[in-house]
Amino acid sequence: MRDVLVKTDVKELKIRLHRMIYPVESLGYGRRLGSWMQGCSKHCPCCISPEMKRAEQVPAVPLWRVLEQMPPLPQCDGMTISGGEPMDQPEALLVLMDWFSHRYGDDILIYTGYEMDQLPSQYARMAAQRAAAVVAGPYQRELDFGVGLCGSENQHLVVHRHQERYQDFEHRQRTLQPVKRAGRLLLVGIPPREGGVR
């Protein structure tokens, strides 16, 4: 993790995580580590993940401990980071990205409700630049036409690397991947528009 320059010592850095799931195959190319961060300051109407809005619902935990306990991820192609709002925890986000890229490669996709020219801090801008791709902009339900892996049509995909992996991203058919966690069935992915594609 030495490549990331953050003010906070890595051993002291904490993160609020809603969940991590592997493998995720519905949020980008291949088999991915899905990481959902807890807490969002954007308050978009009709949020696609309302259970991740309030930061205080999940305790902040040492990031090094989370990463230390992470099992191996066989045949991992990339990581997708969403939430919540990843850019609200930019130092932890950078260290998480650095940890992943040193072990599994640099195909990291970030979903953020911020526009690229409105990122809230230097660290958030660094994270956006280091990502392979960023889906940027607030979710707008009235512009969700049920197509592609952007949540709504106003959101835009910015690709820095692996162009071939993202060429059909905005037109790909959405799927919801069933995942069992702690006795619960979760559906992972961008939900189809209620009532189907319009």
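These numbers come from a predicted model, not from an experiment.

The rules behind each value
- Residues numbered from 1 in each chain as written.
- Predicted model: local features only at pLDDT ≥ 70, side-chain atom pairs only at ≥ 80, totals over all residues.
- Heavy atoms only, no water.
- Helix = DSSP H or I, 4+ residues; strand = E, 2+ residues; numbered from the N terminus.
- Rg over C-alpha atoms; globule rule 2.2 N^0.38 Å.
- Buried < 20%, exposed > 50% of the residue type's maximum accessible area, 1.4 Å probe, protein only.
- Areas by Shrake-Rupley, 256 points an atom, 1.4 Å probe, with all protein chains shown as cover.
- Lys, Arg positive; Asp, Glu negative; His and termini not counted.
- Charge placed at Lys NZ, Arg CZ, Asp CG, Glu CD.
- Core = buried A, V, L, I, M, F, W, Y, C linked by side-chain atoms within 4.5 Å.
- Contact = heavy atoms within 4.5 Å.
- Salt bridge = Lys/Arg side-chain N within 4 Å of Asp/Glu carboxyl O.
- Patch = residues over 30% accessible without salt bridge, like charges linked within 9 Å, V, L, I, M, F, W, Y side chains within 5 Å.
- Phe/Tyr/Trp six-rings, centres within 6.5 Å; stacked < 30°, edge-to-face > 60°.
- Pairing = 2+ DSSP bridges.
- Axes fitted to C-alpha atoms, helices over the stretch in contact; angles between N-to-C directions.

(A) Structural detail: the overall build of the protein. Looking only at helices and strands, one finds four helices and 10 strands in the protein. Along its sequence from the N terminus, the protein presents helices and strands in the succession β-β-β-β-α-β-α-β-α-β-β-α-β-β. Here the C-alpha atoms of the protein give a radius of gyration of 16 Å, agreeing with the 16 Å that 2.2 N^0.38 yields for 198 residues. Reported as C-alpha extents along the three principal axes, the dimensions of the protein are approximately 50 × 35 × 35 Å. Expressed as a percentage of the 198 residues in the protein, the buried residues total 47%. When the accessible surface of the protein is split by element, carbon and sulfur atoms take 50% of a total near 10,100 Å². Each charge sign in the protein was given a centre, from 25 positive and 23 negative side chains, and these centres are 5 Å apart.

(B) Region of interest: the nonpolar core. Counting 34 residues, the largest nonpolar core has Ile-81, Met-87, Leu-93, Met-97, Phe-100 and Ile-110 as its most contacted members. Of all the elements in the fold, those that place two or more residues in this core are β2 (17-24), β3 (32-37), α1 (63-68), β5 (78-83), α2 (90-104), β6 (108-112), α3 (122-130) and β7 (133-136). For this core, the leading source of residues is α2, giving eight residues. Beyond its immediate chain neighbours, meaning those up to four positions away, Met-97 contacts Met-79, Ile-81, Ile-108, Ile-110, Ala-127, Arg-130 and Ala-131.

(C) Looking closely at the pattern of salt bridges. What the rule picks out here adds up to seven salt bridges. The partner of Glu-25 in a salt bridge is Arg-31, with the nearest N and O atoms 3.8 Å apart. Residue Glu-56 is joined to Arg-54 by a salt bridge in which the shortest nitrogen-to-oxygen separation is 2.9 Å. Residue classification places Glu-56 among the exposed residues on the basis of a relative accessible area of 53%. One salt-bridge network, in which partners are shared between bridges, spans Arg-32, Asp-107 and Arg-165.

(D) Structural view of a nonpolar patch on the surface. Together, Leu-176, Leu-185 and Leu-187 make up a nonpolar patch on the protein surface, roughly 290 Å² of accessible area in all. Position of Leu-176 relative to the elements: it lies in the loop between α4 (163-166) and β9 (177-181).

(E) Summary view of the packing of aromatic side chains. Considering all chains together, one arrives at four aromatic pairs under this definition. Ring centres 5.4 Å apart and planes at 40 degrees place the aromatic pair Phe-100 and Tyr-104 in the tilted group. Residue Phe-100 and its partner Tyr-104 are both found in helix α2; the two are separated by four residues, about one turn of the helix. Exposure remark for Phe-100: the relative accessible area of 0% places this residue in the buried category. On the basis of relative accessibility, which here comes to 24%, the residue Tyr-104 falls in the partly exposed class. Each ring, one from Tyr-166 and one from Phe-169, has its centre 5.8 Å from the other, and the planes form 45 degrees; the classification is tilted. Each member of the pair, Tyr-166 together with Phe-169, is buried. Aromatic rings pair up to connect Trp-99, Phe-100 and Tyr-104 into one cluster.

(F) Structural context of the sheet that holds strand β8 (residues 156-159). Pairing within the open sheet is mixed, and its six strands lie in the order β2-β3-β5-β6-β7-β8. Bordering the open sheet on either side are β2 and β8, each of which pairs with just one other strand. Neighbour-to-neighbour, the strand axes of this sheet turn through a mean angle of 15 degrees, independent of strand direction. Relative to β5, α2 is tilted by about 165 degrees, and along the sheet it contacts β2, β3, β5 and β6.

Coordinates in, geometry out; function isn't part of it.
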